[in-house]
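# Understanding the architecture of this molecule
Below are the chains, spelled out letter by letter.
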Amino acid sequence: MLQSISVQTDFSLRNALKEWAFSVISAQHLPGKVLMVLIFCFNIGSILTYIILSTDPVESCMKEYSIAFLIDLSFNICHLLYFGLRFLAAQDKLMVWVDLRSLVDFFTITPSFVTLFSRRAWLGLRFIRALHILELPVVLQILNVLNSNSTTLKLSRLVAILTGTLLTSAGFIHLLENSGDPWLDFSNPQPLYYFECVYFLVVTMSTVGYGDVELRTTLGRFFVVIFIFIGLGLFANFVPEVVQIIINRKRFDGSFTGVSGKTHVVVCGHITLSSASAFMKDFLHEDRGEVDVKVLFLGNFRPNQELEAFFLRWFLKVTFYQGSVMQRRDLERVKMHKAGACLIICDRFTSDQHKEDAANLMRVISIKQYCPNTRIIVQMLKHNSKAFLQNVPNWDWSRGDAVICLAELKLGFMSQSCLVPGLSTLLTNLFTMQSEIEQDGDTWQNLYREGLYNEIYTEHLSPSFIGMSFAQASKLCFLKLRLLLIGIEYQSGDQDFNVLVNPPSHIKIKLWTLGFLIASNASDARRASMYCSVCHRDIKDLPRMRPCRCTEQKDVSSHTSTMSLGFRRPSLGVLPFSPEGETLRERECVWEQQQQQEEQQEEVGLDSTGLFHWCPPVPLKDISLTRQSASTLALQDHVVVCVFGDGGSSLLGLGDFMMPLRASSLTAPELRTVVFLGDPHYFSREWPNIQYFPNIYFLPGSPLCGADLRALRVERCAMVVVLSSLSSSSDIEPSMQDKETIHFCVNLYHIRFSPEPGPRSTLSHTQSHGQGLELGHNHGPSHDTLDFSHIPMIPEKAEVTPAHSAGTAVPLLVELVNSSNVCFVNEADSQEDFSSLTLTQAFSVGSVFSVDLLDSLMAATYFNANVPGLICTLVTGGDTPLLEAQLAEDNQLRGGEMSVKMWALRQRSKLAQLALQDEPLCSLACEDFKDLFCQALDSLEILCFGLYRLLDPPNPSMKRFVITNPSAELPLLPSDRVFCSVPFHQSHLLTLRRAKTINHRL
């Protein structure tokens, strides 16, 4: 028993000693850090004493101990004690004996103690202490001189390897040359100093080879032969890299010295040649005039040769700094607290979109902590990531902080094109800047390109506009100033600003009202702020228009709009809740009358924000179709969405696609039925985000299957949209990124639709909503038990000619990841070489869209803080803090009850496309666009801003192209369709027009 207690005591003692030794030498604790630094200093001291002792012969007798020897002996005693600590703390005692540090101790400590007792000195292998120089980076990190992300760490490692290798090899040469060859009885030694050996190796590694120092021993020459293969490779690889790092540190690790009165912006995030060139092209576009802003790119990497050449080409406007916005020191280097804005670019081709958004969110947090007043414009990929920004400390919309959500905008543009064909092209042309090119001949391309060079600008309307209705102000701008006023910023309270597109007549222009104008350049847009009803009444030469000196005409440009850098809007595109001259009781009476009318016509269910149509969520199986059940549905004027994705691909975010299609500004007859076609495993992951939108169906299948397309009656649909989540990786060859989309287009173009039984009474939107076709009424346990008794079916003997007999005539909108692949989508574009996607026929007709086109929104938002608000009004269907908070909370919409406030939220204008030959425009006598613009505003309160015209013949597919902001004198054609903004109270005109269109097709 006593023996057992003794064994346990010894074991506990060993463990205690082991833990103590580990805590002493571990760099995780302060004593270990101090000890490691001291041991490194002792190693350097041992190297210095070796250099001093190397002036004596390699082997000699000592009559008395020199000071250098005693100092070296004391260092070796410390090394011996450190070896003992390492041995005690080691888990594997055997590995300690073969460790590099232990081997160095064996060959350096032993000769010192032999010399101490025998008085016979031998330098031996003491020079291998130089190998401890390899620990220099670790020591510098312990002293906080370097950090793990710094390029200086790499520089220190390279320098340590070169220095350690050189000094150790020089020691070998010194030992071999001063000792001689052993087989010659050491009779051929050559006295060389240690520094002469170092000099010899440097000359040898540099391939200079002066020849003033030569080796005489065979062992020395043999060692140099081996060293040349190793050392020359190290020298050739490491020295240029060290020099390059030192040069780049001087070039890219400096600090920005700002010039007083000059603005600078910082661009960070995913910086590549393509993203940087696209940003600078739009940032310094000639239409913006003289841009005196310095652009600082901040990236935690060293630019490659192509990117470096790009920065050199723009060296007067651009400077690159190597660093990270996560480091306070780097933020100070670029003067982030004085920057006009910080723009954060995301990686669109990342395989993990949530990780990329999280990284950008961390950048925002870091910047806001260091400089809370700096304006930030950030790109995000996912809509739910955008919602988290409102929780970031110091994030303030009123300061101009903005987020560009690429998925939301991309799907929003494409979704609006399902309601208004060609709208994605028209809006893209307005929010991007294009350089003019020489026009040739009198073709449709000239009309398209004239509109292509128009953009949206904001200017404060001059005092001459005060008291006018929007229609009056818009007509004045169009007829006198050659500008198209599409909307205004309206203040309904002390701090509430709304972006209103084509507001009703009771909204009057106030002082300093901000107008949204379509113009060809910024100088033309300034006419709205310079106009004087007295001095410029009869002006003819508009380019020579200058501000007048009337006492009533003040410098409007000096007054900054509250919205541009002011208060966050509670809603977008929404009429003020209590306009002037209308009491709350009057509004309630109007709402009650409107509600009674709607109850007779439609059953309206809205979400809690009042921005979208909503229905109770149901399981996916209740709205899933089979090919047979889909073919019996009377589908007409619907939307077919073909989705390429699988169970492992990233989600597209189809909720962003459905929101504009279910905006509350649309009445129930205007809601198009949406049918998705794709992989069931993928769609089951998307379904939770769209299950609360009405009139949705899903057909499990493949977009490449012709039978599935025929079952969904794509020849009768309003639009076929093709989306892919399989082509967003940067690892794929660019030309292969859109292979699924291209395969679909090739397949569709070769499909021929023959006459077949068709419905005499179609599945109209009124029927689908009123008779229980909405999503919440489709209940059933499986595909086979679906109850479609309430849906109009195809009569057995009814026949009707399909709307489109060829696949090339089917309305189509596809997304391209690589813009150059447009040549595979449209045959006409394969015969010409285009410098930009916007110049292709496929884009001009509204058949393709690319997220690349949204890159320009970063620069546009910097120069115009109102751009995100206007885009949300026109594209995404609405945006409020309540909606953002709800999406951030649980990423889904909840149902709400109809109220006065809900009804007010619906009263916003909507974008539409009307045919000149149909109601209500057919009653107008118009010869040119000026007549159409004025008469539509006066009699119908409809704002026209573009045309959708047939291509020049031959045009067998009857394709149309977009004319943005046509000139006033442009003659109209009977076949033209008009892009317009229709007030909510004129929704019955759209319902009547759609009903006639469906009947005409049938």
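What you see is a predicted model, and the numbers here were worked out from it, not measured in a lab.

For the protein chain, the helix and strand inventory stands at 35 helices and 24 strands. Here the protein chain, with 1002 residues, has 55% of them falling under the buried criterion. For the protein chain, contacts bridging at least 24 residues in sequence account for 76% of all contacts bridging at least 6. Surface summary for the protein chain: the accessible area is close to 43,700 Å², and the carbon and sulfur share equals 56%.

In space, the four strands of this open sheet follow the order E9-E12-E10-E11, with antiparallel pairing throughout. What marks the edges here is a single partner per strand, and that holds for strand E9 (455-460) and strand E11 (497-501). The mean inter-strand angle of the sheet, taken between neighbouring strand axes irrespective of direction, is 25°. Bridge count between E9 and strand E12 (residues 514-519): six bridges; the pairing is antiparallel. Following the sheet pairing, Glu455 is matched in E12 by Ala519.

Our next topic: the UniProt feature "transmembrane region" (unreviewed entry) in the protein chain. Within this structure's numbering, the places UniProt gives as "transmembrane region" (unreviewed entry) are residues 34-53, 65-88, 158-176, 192-210 and 222-240. Secondary structure within residues 158-176 divides into 100% helix and 0% strand; the distance between the first and last C-alpha atoms comes to 27 Å.

So, about the pairing of strand E5 (residues 318-322). With four of its five residues buried, E5 lies for the most part within the structure. Pairing between strand E4 (residues 293-299) and E5: five bridges, direction parallel. From the neighbouring strand, Leu298 faces E5, where its bridge partner is Tyr321.

Under the criterion given, the structure shown has 37 aromatic pairs. Ring geometry for Tyr65 and Phe69: centres 5.4 Å apart, planes at 20°, overall stacked. Residue class for Phe69 comes out buried when judged on its relative accessible area of 2%. Ring geometry for Phe683 against Phe698: centres 4.2 Å apart, planes inclined by 5°, an arrangement best described as stacked.

To continue, consider the nonpolar core. Soluble, globular proteins show a tendency: their nonpolar side chains are buried together. Counting residues in hydrophobic clusters, the biggest one holds 187 residues, and the most contacted among them are Phe279, Phe297, Phe465, Phe676 and Val720. Apart from residues lying up to four places away in sequence, Phe297 is in contact with Val267, Ile271, Ala276, Phe279, Met280, Phe311, Val318, Thr319, Phe320 and Tyr321. Counting residues in each nonpolar core, the second largest holds 31 residues, with Ile47, Leu176, Met205 and Phe223 among its members.

The six strands lie next to each other as E5-E4-E3-E6-E7-E8, forming an open sheet whose pairing is parallel. Looking at strand neighbours, the two that pair on one side only are E5 and strand E8 (402-405), the edges of this open sheet. Put simply, the sheet's adjacent strands are angled 20° from each other on average, direction ignored.

Here we come to a nonpolar patch on the surface. A grouping of Phe222, Val225, Ile226, Phe229 and Ile230 is seen on the molecular surface, where their side chains present a nonpolar patch of about 550 Å² in accessible area. One can find Val225 in helix H9 (residues 218-252).

This part takes up helix H18 (residues 470-480). Taken as a whole, H18 has its buried residues at Phe470, Ala473, Ser474, Leu476, Cys477 and Phe478. Check the buried side of H18 and you find it contacts strand E10 (484-491), E12, helix H34 (929-940) and strand E22 (943-950). Downstream of H18 by one or two residues, Arg482 has phi in the positive range, about 55°.

Glancing now at the side chain of Asp347. With respect to the helices and strands, the residue Asp347 is situated in the loop between strand E6 (341-345) and helix H13 (353-370). Buried within the structure, Asp347 lacks any salt-bridge partner; Arg348 is the closest side chain of opposite charge, at an N-O distance of 7.3 Å. Here Phe349 takes part through its backbone nitrogen, which lies 3.2 Å from a polar atom of the side chain of Asp347. Residues in contact with Asp347, not counting those within four places in the same chain, are His270, Glu356 and Leu381.

Below, the discussion takes up unusual backbone geometry. Here the amide bond leading from Glu919 into Pro920 is cis, since omega sits at 0°, within 30 degrees of zero. Locating Pro920 in the fold gives a position in the loop between strand E21 (910-915) and H34. Looking along the chain, the bond that leaves Pro953 and enters Pro954 is cis, with omega of 0°. Tracing the chain through its elements places Pro954 in the loop between E22 and strand E23 (960-964). For Arg482, which is not glycine, the phi dihedral falls at a positive 55°. Residue placement: Arg482 occurs in the loop between H18 and E10. A positive phi angle, close to 50°, is found at Asn502, a residue other than glycine. Along the chain, Asn502 falls in the loop between E11 and E12.

Within the secondary structure, Asn521 sits in the loop between E12 and helix H19 (522-525). Within polar-contact distance, the side chain of Asn521 engages the side chain of Ser520 at 3.4 Å. Here the side chain of Asn521 touches Ser523 through a polar contact of 2.5 Å, side chain to side chain. With sequence-adjacent residues up to four places away left out, Asn521 is seen in contact with Asp287, Glu455 and Tyr457.

Taken as a whole, this structure holds 24 salt bridges when the rule is applied. Across the salt bridge formed by Lys475 and Asp938, the nearest N and O atoms sit 3.0 Å from each other. Within this pair, whereas Lys475 is found in helix H18, its partner Asp938 is found in helix H34, the two being separated by 463 residues in sequence. With relative accessibility at 21%, the residue Lys475 sits in the partly exposed group. Between Arg627 and Asp708 there is a salt bridge, with its nearest N and O atoms 2.9 Å apart. Placement of the pair is Arg627 in helix H22 (residues 627-632) and Asp708 in helix H25 (residues 706-711), with a sequence separation of 81 residues. Taking the relative accessible area as the measure of exposure, Arg627 reaches 43% and is therefore partly exposed. On the basis of relative accessibility, which here comes to 3%, the residue Asp708 falls in the buried class. Where salt bridges share partners, they join Arg86, Asp99, Arg101, Asp105 and Arg129 into one cluster.

Each value, and the rule that gives it
Residues numbered from 1 in each chain as written. Predicted model: local features only at pLDDT ≥ 70, side-chain atom pairs only at ≥ 80, totals over all residues. Heavy atoms only, no water. Helix = DSSP H or I, 4+ residues; strand = E, 2+ residues; numbered from the N terminus. Buried < 20%, exposed > 50% of the residue type's maximum accessible area, 1.4 Å probe, protein only. Contact = heavy atoms within 4.5 Å. Areas by Shrake-Rupley, 256 points an atom, 1.4 Å probe, with all protein chains shown as cover. Pairing = 2+ DSSP bridges. Axes fitted to C-alpha atoms, helices over the stretch in contact; angles between N-to-C directions. UniProt positions renumbered as here; feature names shortened; annotations may be inferred. Phe/Tyr/Trp six-rings, centres within 6.5 Å; stacked < 30°, edge-to-face > 60°. Core = buried A, V, L, I, M, F, W, Y, C linked by side-chain atoms within 4.5 Å. Patch = residues over 30% accessible without salt bridge, like charges linked within 9 Å, V, L, I, M, F, W, Y side chains within 5 Å. Salt bridge = Lys/Arg side-chain N within 4 Å of Asp/Glu carboxyl O. Lys, Arg positive; Asp, Glu negative; His and termini not counted. Polar contact = N/O pair within 3.5 Å; in protein donor to acceptor, adjacent residues only side chain to side chain.

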